[in-house]
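The residues making up each chain are set out below.
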Amino acid sequence: MLTYFMKTVDLTNCTYPIVETFHSVQGEGAWTGVSAFFIRLGGCDVYCPWCDQKESWNAKRHPHQSVDTLAQAAKMANPAIVIITGGEPLMHDLDPLTTELKKLGLQVHLETSGSHPFSGNFDWVTFSPKPYKKPHDSIYNYVNELKVVVANEEDLHMAEVQAAKLSLTVIKYLQPEWNTPNSKELIFDFVLKHPQWRISLQTHKFLNVR
Ligand code: SF4
């Protein structure tokens with residue numbers, strides 16, 4: 001009689017290119033002000049001209065850390081939430097990382113442009129589409145909040161196009177591009193005329209923290 005052996009794959013040995021991990025507060029959107037452990041993954045092919053994380057674009061520049069190391073660091077920080085961000089995190093398969101974080105009882109959030117196929121198991125998904133790379137269709141069923149960074153009128157148009165693809169229960173934010181002088185006025189006027197939208201500000205930048 002033949003005996004078959006099942007080989008179990010140890011996901012904790014998976015690694016990701018890591019730009020940085022740090023403990024701060026969530027600065028933006030519905031979870032503003034909440035204690036958060038950030039895991040910033042390397043790699044992005046969206047190339048927004050105003051990006052404040054350009055050093056993250058080339059994944060090869062960033063050393064890898066294992067799922068186990070990342071999950072233990074997150075647990076030790078004792079945050080209310082863990083935020084996986086980037087770069088564009090969906091360039092990587094996020095199943096192993098989110099599985100391990102959840103095994104440790106952590107609440108896991110994602111910040112993504114949605115430009116790559118969805119993966120991972122999240123408690124909250126922030127979808128921040130960009131005009132420079134079309135979102136992948138797989139994102140739309142997972143979104144909890146839509147957050148559009150606004151630098152000009154075209155971004156407001158894109159915000160409405162993307163909002164129309166989402167459930168009415170999704171919270172909709174417009175966020176001024178930090179270095180664009182008239183972006184705050186643009187979204188202020190827009191929200192007064194379109195009450196389904198809210199304003200998100202980058203609180204961490206006002207606090208001068210990461
Ligand atoms: S998607 Fe995010 S990380 Fe990528 S270029 Fe745009 S702002 Fe930067």
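Computed from a predicted structure; not experimentally measured.

A. Structural context of the site of the ligand. Taken together, Cys44, Val46, Tyr47, Cys48, Trp50, Cys51, Trp57 and Gly87 make up the full set of residues adjacent to the ligand. Taken together, the residues of the shell around the ligand break down into seven nonpolar, one polar and no charged.

B. Representation of unusual backbone geometry within the structure. For the bond from glycine 86 to glycine 87, the omega torsion is 15 degrees, close enough to zero to count as cis. Mapped onto the elements, glycine 87 comes out in the loop between strand S4 (81-85) and helix H2 (95-103). Backbone geometry places asparagine 78, a non-glycine residue, at a positive phi of 55 degrees. Relative to the helices and strands, asparagine 78 resides in the loop between helix H1 (67-77) and S4. Positioned with a positive phi, asparagine 208 is a non-glycine residue whose angle comes to about 60 degrees. Inspection of the secondary structure assignment puts asparagine 208 in the segment after helix H5 (203-207). Its relative accessible area of 72% is what places asparagine 208 among the exposed residues.

C. How the structure looks around H1. When we look at burial in H1, the residues that qualify are Val67, Leu70, Ala71 and Ala74. For H1, the angular spread of buried residues about the axis comes to 95 degrees, placing them on one side. As for H1, its buried residues are in contact with strand S1 (15-25), strand S2 (35-41), strand S3 (64-66), S4 and H2. Positioned one or two residues after H1, asparagine 78 has a phi angle of 55 degrees, which is positive.

D. Just the packing of aromatic side chains, in detail. Considering all chains together, one arrives at seven aromatic pairs under this definition. For the pair tryptophan 31 and tryptophan 124, a centre-to-centre distance of 5.8 Å together with 75 degrees between the ring planes defines the contact as edge-to-face. Here the residue tryptophan 31 occupies a position in the loop between S1 and S2, and tryptophan 124 occupies one in strand S6 (residues 124-127), the gap between them amounting to 93 residues. Overall, tryptophan 31 belongs to the partly exposed group, its relative accessible area being 24%. Measuring from ring centre to ring centre gives 6.1 Å for phenylalanine 118 and phenylalanine 122, while their planes differ by 75 degrees; the resulting arrangement is edge-to-face. Summarising the burial analysis for this pair, phenylalanine 118 and phenylalanine 122 share the class buried. Linked through ring pairs, Phe118, Phe122 and Tyr142 together constitute an aromatic cluster.

E. Local environment of a nonpolar patch on the surface. On the surface, Trp178, Phe188, Leu192, Ile199, Leu201 and Phe206 cluster together to form a nonpolar patch covering roughly 590 Å² of accessible area. Turning to its location among the elements, leucine 201 is positioned in the loop between strand S9 (197-199) and H5. According to the relative accessible area criterion, leucine 201 is partly exposed, its value standing at 38%.

Rules of the game
- Residues numbered from 1 in each chain as written.
- Predicted model: local features only at pLDDT ≥ 70, side-chain atom pairs only at ≥ 80, totals over all residues.
- Heavy atoms only, no water.
- Near = heavy atom within 4 Å.
- Nonpolar A, V, L, I, M, F, W, Y, C, P; charged D, E, K, R; others polar.
- Helix = DSSP H or I, 4+ residues; strand = E, 2+ residues; numbered from the N terminus.
- Buried < 20%, exposed > 50% of the residue type's maximum accessible area, 1.4 Å probe, protein only.
- Arc of directions from axis to C-beta.
- Contact = heavy atoms within 4.5 Å.
- Phe/Tyr/Trp six-rings, centres within 6.5 Å; stacked < 30°, edge-to-face > 60°.
- Patch = residues over 30% accessible without salt bridge, like charges linked within 9 Å, V, L, I, M, F, W, Y side chains within 5 Å.
- Areas by Shrake-Rupley, 256 points an atom, 1.4 Å probe, with all protein chains shown as cover.
- Salt bridge = Lys/Arg side-chain N within 4 Å of Asp/Glu carboxyl O.

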